[in-house]
Amino acid sequence: MEKVQGNKKSCLQPKPNILVSCRGANGKNNALAVAYCCNCSYNPPMIMVGITPSRYSYNIIKETGAFAVNIVTEDQKDIFDYMGSHSGRDEDKFAKLNIKVEEGIKVNVPLIGECPVNIECKVVDSILTGSHEMFVGKVEYVHANKEIVDDNGNIDFSKLELI
């Protein structure tokens, strides 16, 4: 099979597509679509999310040191697309989409109730990698729909239709 040079910018398709939610010091909730997200430690459990400094949520997370990762399924694709194409600078996206907001238990963050998994994180570090700043968040609490969790608390992602 013949190979040609691929585009460096898109050489790895990051998965999953997620929504990162946060709450400003003023109490205003916001969320944005994020494609750069991964586990980066299992002991202690940590997640890394990449956000460009031009995004409205960037300064909120820098100031508050907190965010939530909300895992999106095909059922929430419209929410994901809207959150990724509109800015919280211009409108209250939660109100516009009539998002069911649930409260974090360990971290002061809004959770997107429609999403089957919500992960509360506290920022412990960040790395400026070029176009994005990678926020490293220590996982403080994981919320998951009961029907996708086994008796040991493990999430069965095969039961979800991820975007």
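Keep in mind that this is a model prediction, so the values were computed, not measured.

## Some remarks on the state of the cysteines
Under the defined criterion, the tally for this structure stands at zero disulfides. Cys 22 carries a free sulfur, and the closest cysteine sulfur to it, the one in Cys 121, is 12 Å from it.

## Considering helix H2 (residues 77-85)
Of the positions making up H2, those classed as buried are Ile 79, Phe 80, Tyr 82 and Met 83. Buried residues of H2, viewed axially, fall in a sector of 165°; they line one side. In this fold, the buried residues of H2 make contact with strand E1 (18-23), strand E2 (29-34) and helix H3 (93-96).

## Digging into the nonpolar core
As a rule of thumb, nonpolar side chains are buried together in soluble globular proteins. In this structure, Val 20, Val 49, Ile 51 and Val 69 are the most contacted members of the largest nonpolar core, which totals 22 residues. When contributions to this core are tallied by element, the ones reaching two or more residues are E1, E2, strand E4 (45-51), helix H1 (56-64), strand E5 (66-71), strand E8 (117-128) and strand E9 (133-144). Ignoring any residue separated from it by four or fewer positions in sequence, one finds Val 69 in contact with Ile 18, Leu 19, Cys 37, Ile 47, Val 49, Val 117, Asn 118 and Ile 119. In this structure, Ala 31, Phe 80, Phe 94 and Ile 112 belong to the second largest nonpolar core, which totals twelve residues.

## Brief notes about the sheet that holds E8
Taking strand neighbours across the sheet as the criterion, the seven strands line up as E2-E1-E5-E8-E9-E4-E3 in an open arrangement whose pairing is antiparallel. Of all strands in the sheet, those with a lone pairing partner are E2 and strand E3 (37-42), marking the two edges. The average undirected angle you get between the axes of adjacent strands in this sheet is 35°. Sheet topology places E1 next to E2; six bridges connect them, and they run antiparallel. Within the sheet, the bridge partner assigned to Cys 22 lies in E2 and is Asn 30. Packing of H1 onto the sheet brings it into contact with E1, E2, E4, E5, E8 and E9, and relative to E1 it is tilted by some 55°. On top of the sheet, H2 reaches E1 and E2; it is set at about 100° to E2, its chief contact.

## Focus on the confidence of the model for the protein chain
Summary statistics for the protein chain give a mean pLDDT of 92 and a share of 94% for residues scoring 70 or more. The element-level mean pLDDT for the protein chain is lowest in E3, coming to 92, with strand E7 (residues 110-112) highest at 98.

## Observations concerning the pattern of salt bridges
The tally for this structure, following the rule as stated, stands at five salt bridges. A salt bridge links Glu 133 to Lys 62; the shortest N-O distance between them is 3.1 Å. In this pair, Glu 133 is assigned in strand E9 and Lys 62 in helix H1, connecting sequence segments 71 residues apart. The exposure class assigned to Glu 133 is buried, which follows from its relative accessible area of 5%. Close ionic contact of Lys 138 with Glu 140 constitutes a salt bridge, the shortest N to O distance being 3.6 Å.

## A look at unusual backbone geometry
For the bond running from Asn 43 to Pro 44, omega is 0°, close enough to zero to count as cis. Tracing the chain through its elements places Pro 44 in the loop between E3 and E4. The phi angle at Asn 98 is positive, at roughly 55°, despite the residue not being glycine. Mapped onto the secondary structure, Asn 98 falls in the loop between H3 and strand E6 (101-103).

## Observations regarding the environment of Ser 54
In this fold, Ser 54 is placed in the loop between E4 and H1. Taking C-alpha positions, Ser 54 is 9.7 Å from Ser 131, a pair spaced 77 residues apart along the chain.

## Comments concerning the side chain of Asn 70
Mapped onto the fold, Asn 70 is located in strand E5. At 2.7 Å, the side chain of Asn 70 forms a polar contact with the side chain of Asn 118. Ignoring any residue separated from it by four or fewer positions in sequence, one finds Asn 70 in contact with Ile 18, Leu 19, Val 20, Ser 21, Leu 111, Ile 112, Cys 115, Val 117 and Asn 118.

Here is what the cut-offs are and how they apply
- Residues numbered from 1 in each chain as written.
- Predicted model: local features only at pLDDT ≥ 70, side-chain atom pairs only at ≥ 80, totals over all residues.
- Heavy atoms only, no water.
- Disulfide = S-S within 2.5 Å.
- Buried < 20%, exposed > 50% of the residue type's maximum accessible area, 1.4 Å probe, protein only.
- Helix = DSSP H or I, 4+ residues; strand = E, 2+ residues; numbered from the N terminus.
- Arc of directions from axis to C-beta.
- Contact = heavy atoms within 4.5 Å.
- Core = buried A, V, L, I, M, F, W, Y, C linked by side-chain atoms within 4.5 Å.
- Pairing = 2+ DSSP bridges.
- Axes fitted to C-alpha atoms, helices over the stretch in contact; angles between N-to-C directions.
- pLDDT = per-residue confidence, 0-100.
- Salt bridge = Lys/Arg side-chain N within 4 Å of Asp/Glu carboxyl O.
- Polar contact = N/O pair within 3.5 Å; in protein donor to acceptor, adjacent residues only side chain to side chain.

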